[in-house]
Amino acid sequence: MKEVAIIGSGFSGLAAACYAAQAGNKVSVYEKNATIGGRARHFTEQGFMFDMGPSWYWMPDVFEQFFRDFDKSAKDYYQLVQLDPGFQIFFKDHAPLQIPAKLEELYDTFERIEAGSAKQLQLFLKDAAYKYQVGMRDLVHKPGLSFREYMRYDVLKGIMQTHLFRSVSKHVRQYFKDERLVQLMEFPILFLGAMPKDIPALYTLMNYAALSLGTWYPMGGMQKVIAGMATLAEELGVQIHTNAAVEYIHVSDRQAKGIAINGNYIVTDSVIASGDYHHIEQSLLEPQHRNYSEQYWDKKTFAPSCLLYYVGVNKKVKGLQHHNLFFDADFEQHSKEIYETKEWPDDPLFYVCCPSKTDRSVAPDGQENLFILIPIAPGIEDTPEMRERYFPEVLKRIEKHCGDNIAEHIVYNKSYCVKDFVSDYNAYKGNAYGLANTLRQTAVLKPSIKNKQVDNLIYTGQLTVPGPGVPPSLISGKLAAAQISSTTKRHFYETVVR
Ligand SMILES: Cc1cc2nc3c(=O)[nH]c(=O)nc-3n(C[C@H](O)[C@H](O)[C@H](O)COP(=O)(O)OP(=O)(O)OC[C@H]3O[C@@H](n4cnc5c(N)ncnc54)[C@H](O)[C@@H]3O)c2cc1C
């Protein structure tokens, strides 16, 4: 039985642990923080339970497939409910737009805003469904080690029909004119960490995920998914260690031989690193064992970081849904401030999650749990003044749109920003979502899942294939664990042949 050490207990680390254990390895997960989950950790204060990171549960098929790979189902670990409306958007000069769960109702909503757009939406989603199918079947499950993986006629044909060289922005505008519909259709792309004009139209597969597959919620919060995966991992024999920051990966003769944790040396046969790629390479490996230089990382397009507020309110707030997007400011201007000028935004768009609208367990009775997220440029200077500046501004906008007083009812408020991402997760420039899915950072062009100098060191997580987000992180864990089996076999073969 081989010993596999996994660095980090986020979605990708836990997924990799489950698959590596299923393949017959003895697996240990080492997590630097006191609690597991990585960016999807949670905390409880004054009766409010806050998921610290992800809140949108999209692509339920990917989660289900993960559990099915172990002859389980998501419902063995948590209860999933579909949200209706899936989400709500606030605009500057228009009534809020609610996105119903049923497609028939969504077509009516579109038609009311722009004549003929119901038909256009049908066509758009048919095309997006095709992209989702091609993406899931031919792209995301590939380790991205060589272009040869895609050199099959049917795969290439499928990829070419996904408008790889057209931007999302252009694609959306071919179907819709009304600015509200355009913004709605561009919004899911923001998950991929770049402006819609810089993301290939292939990724409108995200619209299929958002609008056709629906927005779901695991009762008890996203933390239930992490807890379910940890239970599954332990059922498979995985040992999870917290407060266990890996300080060094010892390499000799192209092999990671062991890791140092809290001054102790742990011998291992393979390492799967799910902590941020840049940190693993630059802080845990000697320069000669790294895939990439500091300049390489500096040139990459990173997805945004964010300024977050976890807020407890001692009454129910009118007008909010579970997921609320405040698109009542200039989308272009804010995007430029994130991706081009890289400065604090003047008048940001933001997102408010209010899970207590669905789930009574996440706030005391009659109270509300708010998670407010403002996307910002990674690496921006994070100061107490900036954290203080934006809170009253966003609160005022929420109050205005909801017609309710919140400020006087706040009983808990904690901010979280760039410095916290760096200190909690060793995140490069305090990034929240990893690398953006631009064309130049897709598939083979992403940081490699394999270390090219160290045969048994594999990377996983949102900075390698297939990309940012919870579903891709689950798939990334599976891809990484498969590499462990193949490197073990190849190393054995090479040793025998030599
Ligand atoms: C605020 C926010 C909101 C988001 N919203 C959504 C959403 O709604 N839907 C969605 O799908 N995605 C969302 N995402 C993205 C999603 O959360 C991530 O893509 C995913 O959780 C990344 O998982 P990971 O395993 O790659 O990394 P991580 O979760 O960062 O896990 C890596 C782990 O490695 C640990 N680690 C690092 N260095 C070391 C070391 N030296 N030793 C030991 N351990 C170490 C870290 O502490 C961490 O626990 C969001 C992210 C953030 C931050």
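These numbers come from a predicted model, not from an experiment.

Caption draft 1: Region of the structure containing the sheet that holds strand β15 (residues 323–327). Taken in spatial order, the 7 strands line up as β7-β6-β15-β16-β17-β14-β18 in an open sheet, and their pairing is mixed. Sheet topology places β7 (97–99) and β18 (410–416) at the edges, where each strand pairs with a single neighbour. Taken pair by pair, the neighbouring strands of this sheet meet at an average axis angle of 20°, ignoring direction. Alignment of strand β14 (residues 305–313) against β18, held across 6 bridges, turns out to be antiparallel. Looking across to β18, one finds that G312 is bridged to Y412.

Caption draft 2: Examining the sheet that holds strand β2 (residues 26–30) more closely. If you trace the 5 strands from one edge of the open sheet to the other, you get β9-β2-β1-β13-β19, paired in parallel fashion. Each edge of the open sheet is held by one strand with a lone partner, namely β9 (239–241) and β19 (457–459). Neighbouring strand axes in the sheet, compared pairwise and without regard to direction, differ in orientation by 20° on average. Direction of pairing for strand β1 (residues 3–7) relative to strand β13 (residues 270–273): parallel, over a ladder of 4 bridges. Residue pairing in the sheet places I6 in a bridge with I272 of β13.

Caption draft 3: Structural detail: the pairing of strand β6 (residues 87–91). Across 3 bridges, β6 lies against β7 in antiparallel orientation. The residue of β7 that forms the bridge with Q88 is Q98. Taking the residues that link successive antiparallel strands as the turn, the β6-β7 hairpin has 5 residues. In terms of strand pairing, β6 meets β15 through 4 bridges, oriented parallel.

Caption draft 4: Structural detail: the domain arrangement of the protein. Looking at the protein, the domain boundaries give domain 1 (3–40 + 222–300 + 440–497) and domain 2 (103–211). Each of domain 1 and domain 2 has a C-alpha centre, and the two are 31 Å apart. Listed per partner, the contact involves 14 residues of domain 1 and 12 residues of domain 2. The residue makeup of the side of domain 1 that touches domain 2, split by class, is 9 nonpolar, 3 polar and 2 charged.

Caption draft 5: Up close: the site of the ligand. If you check the shell around the ligand, you find 37 residues, and the closest are G8, G10, G38, G275 and G461. For the shell around the ligand, the elements supplying multiple residues, two or more each, are α1 (11–22), β14 and α15 (470–497). The dominant element in the shell around the ligand, judged by the number of residues it contributes, is α1, at 3 residues. In terms of residue class, the shell around the ligand is made up of 16 nonpolar, 18 polar and 3 charged.

Caption draft 6: Seen up close, helix α2 (residues 60–68). Burial in α2 covers these residues: F63, F66 and F67. Down the axis of α2, the smallest arc covering the buried residues is 90°, so these residues share one side.

Caption draft 7: Inspection of the nonpolar core at higher detail. Ranked by size, the top nonpolar core spans 150 residues in total, and within it I6, A17, A20, I272 and V352 carry the most contacts. Broken down by element, this core gets its largest block of residues, 9 residues, from α1. Residue-level mapping places this core at the junction of two domains, with at least three residues from each of domain 1 (3–40 + 222–300 + 440–497) and domain 2 (103–211). If we skip the residues at most four places from it in the chain, I272 touches V4, I6, A16, A20, I458, T460, A480, A481 and I484.

Caption draft 8: Representation of the environment of T162 in the model. Relative to the elements of secondary structure, T162 occurs in the loop between α5 (153–160) and α6 (168–173). Residues T162 and V134 lie 28 residues apart in sequence; the distance between their C-alpha atoms is 8.0 Å. Ignoring anything within four residues of it in the chain, the contact list for T162 reads K131, V134 and L202.

Caption draft 9: Local environment of unusual backbone geometry. Looking along the chain, the bond that leaves D84 and enters P85 is cis, with omega of 0°. Tracing the backbone shows P85 in the loop between β5 (80–82) and β6. If you check the backbone angles, D71 has positive phi at about 55° while not being a glycine. The exposure class assigned to D71 is exposed, which follows from the 7 C-beta atoms found within 10 Å. Positive phi, normally seen in glycine, also occurs at A443, with a value near 50°. By the element assignment, A443 lies in the loop between α14 (418–425) and β19.

Caption draft 10: How the structure looks around the confidence of the model for the protein. On average, residues of the protein score 93 in pLDDT, and 97% of them are at 70 or above. In the predicted structure, residues 489–498 sits below a pLDDT of 50 and forms 2 contacts with residues beyond four places in sequence or in another chain.

Caption draft 11: How the structure looks around the packing of helix α4 (residues 117–139) against helix α8 (residues 205–212). The N-to-C vectors of α4 and α8 enclose an angle of 110°; their axes lie 7 Å apart at closest approach. Classed by the angle they form, the pair α4 and α8 counts as roughly perpendicular. As α4 packs across α8, the resulting crossing turns out to be left-handed. In contact with L125, A128, A129, K131, Y132 and G135 of α4, α8 contributes L205, N207, Y208, A209, L211 and S212. The residue makeup of the contact of α4 with α8, split by class, is 8 nonpolar, 3 polar and 1 charged.

Calculation rules
- Throughout this document, residue positions are counted from 1 along each chain, in the order its sequence is written.
- For a predicted model such as this one, the threshold for reporting local features is a pLDDT of at least 70, and the threshold for listing and counting side-chain atom pairs is 80 or more; totals across whole chains, interfaces and linings nevertheless cover every residue.
- What makes two strands pair is DSSP finding at least two bridges between them.
- Segments assigned H or I by DSSP are reported as helices when at least four residues long, segments assigned E as strands when at least two residues long, and all are numbered from the N terminus.
- Here the axes come from fitting lines to C-alpha atoms, over the contacting stretch only for helices, and the angles between their N-to-C directions go from 0 to 180 degrees.
- Domain boundaries shown here were taken from an automatic or database domain assignment.
- Once C-beta atoms have been placed from the backbone, residue pairs whose C-beta atoms lie within 7 Å are recorded as contacts.
- Classification used: nonpolar for Ala, Val, Leu, Ile, Met, Phe, Trp, Tyr, Cys and Pro, charged for Asp, Glu, Lys and Arg, polar for all others including Gly.
- The C-beta atom of each residue is placed using the backbone, and any residue whose C-beta lies within 6 Å of a molecule or strand is treated as near it.
- We call a residue exposed when 12 or fewer other C-beta atoms sit within 10 Å of its C-beta, buried when the count reaches 20 or more, and partly exposed for counts in between; the C-beta positions come from the backbone.
- Arc, as used here, means the arc of the directions from the helix axis to the C-beta atoms.
- In plain words, the nonpolar core is the set of buried Ala, Val, Leu, Ile, Met, Phe, Trp, Tyr and Cys residues that C-beta atoms within 7 Å link up.
- Values of pLDDT, which run from 0 to 100, indicate the predictor's confidence residue by residue.
- Throughout this description, any angle smaller than 35 degrees is read as roughly parallel, any larger than 145 degrees as roughly antiparallel, any in the 65 to 115 degree range as roughly perpendicular, and the remainder as oblique.
- The hand of a helix crossing depends on one turn: near helix anticlockwise from the far one by less than a right angle means left-handed, and clockwise means right-handed.

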